[in-house]
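# A closer look at the structure
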Amino acid sequence: MLNRPSTPLQEDRVHSEELFRGRFLHAFRDTVRLPDGAQAVREYVVHPGAVMVIPMLEGPDGNLRAVMERQFRYPVGQTMVEFPAGKLDPGEATLACAQRELREETGYRASQWARLGVLHPVIAYSTEFIEVWLAKGLTAGERALDGGEFLEVFDIALDPLFHACMNGEITDAKTLVGAFWLQNHLQGRLPVQWQQVPAPESMP
């Protein structure tokens, strides 16, 4: 296993101090004991976890297209191109979250789902993980955006999508990873297990 070190690397918590508790983020400053016995300070954000969905459509020419979003991201001051994504609600399963976010943000429901994997986007200062799902068998419907949420939904052919990832038009980390996994899946290097998943009855 690549993550099994040949020498001790683990850091152990000695003391934890809460710095900030907001509606979404929860920040801490911890004192930790290093492998050599010295102490250091680690500041980090506790995140509930999230999902990202790669929704696949068949275009009029029979070729696959991906459903994506444009959304202004205030911290970086830019409109970003991303796959649909969102954070987990308390106690929510990742697939249920993926179904909900796809429906709320794009209006689409999907009849087939496959888990691609999980990524940790900001390991230096956050506990966040993002589970990535493929979705196909899409049916269009009405969106149900959260209050204060503004985004634009569009679909794109895969070659222009992969080119945009390589030329710097797309810089969102989770979307770059998702596009890489999607490309490898389509080339047969990343097999997945598809499952038929009806939309939850409680979903609008």
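Everything below is about the structure printed above this text.
The following refers to the structure shown. Each chain has its residues counted from 1, running along the sequence as written. Since the coordinates come from a predicted model, pLDDT governs what is reported: local features require at least 70, and pairs of side-chain atoms require 80 or more to be given and counted, while whole-chain, interface and lining totals use all residues. Side-chain numbers come from the whole structure's heavy atoms, not from hydrogens or water.

### Looking at the overall build of the protein chain
Put simply, the rule reads: Under the scheme used here, helices are H or I runs from DSSP no shorter than 4 residues and strands are E runs no shorter than 2 residues, and both carry numbers assigned from the N terminus. Exposure is judged per residue with a 1.4 Å probe applied to protein chains only, and the accessible area is read against the type maximum: over 50% gives exposed, under 20% gives buried, and values in between give partly exposed. Throughout, a contact is declared for two residues whenever any of their heavy atoms are within 4.5 Å. Surface accessibility follows the Shrake-Rupley procedure with a 1.4 Å probe radius. Residue values consider only the protein chains on display as shielding. Just so you know, the count uses Lys and Arg for positive and Asp and Glu for negative, and it drops His and the chain ends. We put the charge of a Lys on NZ, of an Arg on CZ, of an Asp on CG and of a Glu on CD.
Counting secondary structure elements, the protein chain contains three helices and eleven strands. A principal-axis box enclosing the C-alpha atoms of the protein chain has dimensions of 65 × 40 × 35 Å. In the protein chain, which comprises 204 residues, the proportion classed as buried is 40%. In the protein chain, the proportion of contacts linking residues at least 24 apart, taken out of those at least 6 apart, comes to 58%. Here the protein chain displays about 12,400 Å² of accessible surface, and carbon together with sulfur accounts for 52% of that area. One finds the centroid of the 19 positive side-chain charges in the protein chain at a distance of 3 Å from the centroid of its 27 negative side-chain charges.

### Considering a nonpolar patch on the surface
We apply this condition: Put simply, a patch holds well-exposed residues, over 30% relative accessible area, that have no salt bridge, with like charges counted together within 9 Å and Val, Leu, Ile, Met, Phe, Trp or Tyr side chains within 5 Å. The rule for a salt bridge is simple: a side-chain nitrogen of Lys or Arg has to be within 4 Å of a carboxyl oxygen of Asp or Glu.
Taken together, the side chains of Leu19, Phe20, Phe24 and Leu25 present a nonpolar region at the surface, about 350 Å² in accessible area. As for its position among the elements, Leu19 is in strand β1 (residues 12-21).

### Quick word on the pairing of strand β6 (residues 78-82)
We count it as follows: DSSP calls a pair of strands paired once it identifies at least 2 bridges connecting them.
Here strand β5 (residues 64-73) runs beside β6; their pairing, made up of five bridges, is antiparallel. Its bridge partner being in β6, Arg73 is matched across the sheet by Gln78. Taken together, β5 and the strand that follows it, β6, pair antiparallel across an intervening segment of four residues, in which Gly77 is found at a positive phi of about 65°.

### Focus on the pattern of salt bridges
Counting across every chain of the model gives 15 salt bridges. Here Glu18 ties to Arg21 by a salt bridge, and the two come within 3.4 Å at their closest N and O atoms. Judged by its relative accessible area of 58%, Arg21 is exposed. The structure contains a network of salt bridges with shared partners spanning Asp89, Glu92, Arg100, Glu101 and Glu104.

### Considerations on the nonpolar core
Under the convention used in this document: We call a set of buried residues a nonpolar core when its members are Ala, Val, Leu, Ile, Met, Phe, Trp, Tyr or Cys and they connect through side-chain atoms within 4.5 Å of each other.
In this structure, Ile54, Ala66, Met68 and Leu161 are the most contacted members of the largest nonpolar core, which totals 27 residues. For this core, the secondary-structure elements that each account for two or more residues are β4 (50-58), β5, β8 (109-119), β9 (130-139), β10 (152-157), α2 (158-166) and α3 (173-186). Looking at this core, the element that brings in the most residues is α2, giving five residues. Judged by nonpolar contacts, the second largest core, of 16 residues, contains Val51, Val53, Leu88 and Leu95.

### Concerning α2
The condition is simple: This arc describes the spread of directions from the helix axis toward the C-beta atoms.
Residues of α2 that are buried: Leu158, Leu161, Phe162, Ala164 and Cys165. The buried residues of α2 occupy an angular sector of 155° when the element is viewed end-on, so they sit on one face. In this structure, α2 carries Asp159 and Met166 as exposed residues pointing more than 90 degrees from its buried face. Structurally, α2 contributes buried residues whose contacts are with β4, β5, β10 and α3. One or two steps after α2, the chain reaches Gly168, where phi turns positive at roughly 95°.

### Here's the deal with the packing of aromatic side chains
For the record, the criterion: We call Phe, Tyr and Trp rings a pair once their centres come within 6.5 Å, taking the six-membered ring for Trp, and we label the pair stacked below 30 degrees between planes, edge-to-face above 60, and tilted otherwise. Throughout this description, the term charge over a ring refers to an Arg CZ or Lys NZ atom that lies within 6 Å of the ring centre and within 35 degrees of the ring normal.
For the structure shown, the criterion picks out one aromatic pair. For Arg70, the ring lying beneath its charged end belongs to Phe154, and the centroid distance is 3.9 Å. Its end group placed over the ring of Trp194, Lys136 keeps NZ or CZ at 4.1 Å from the ring centre.

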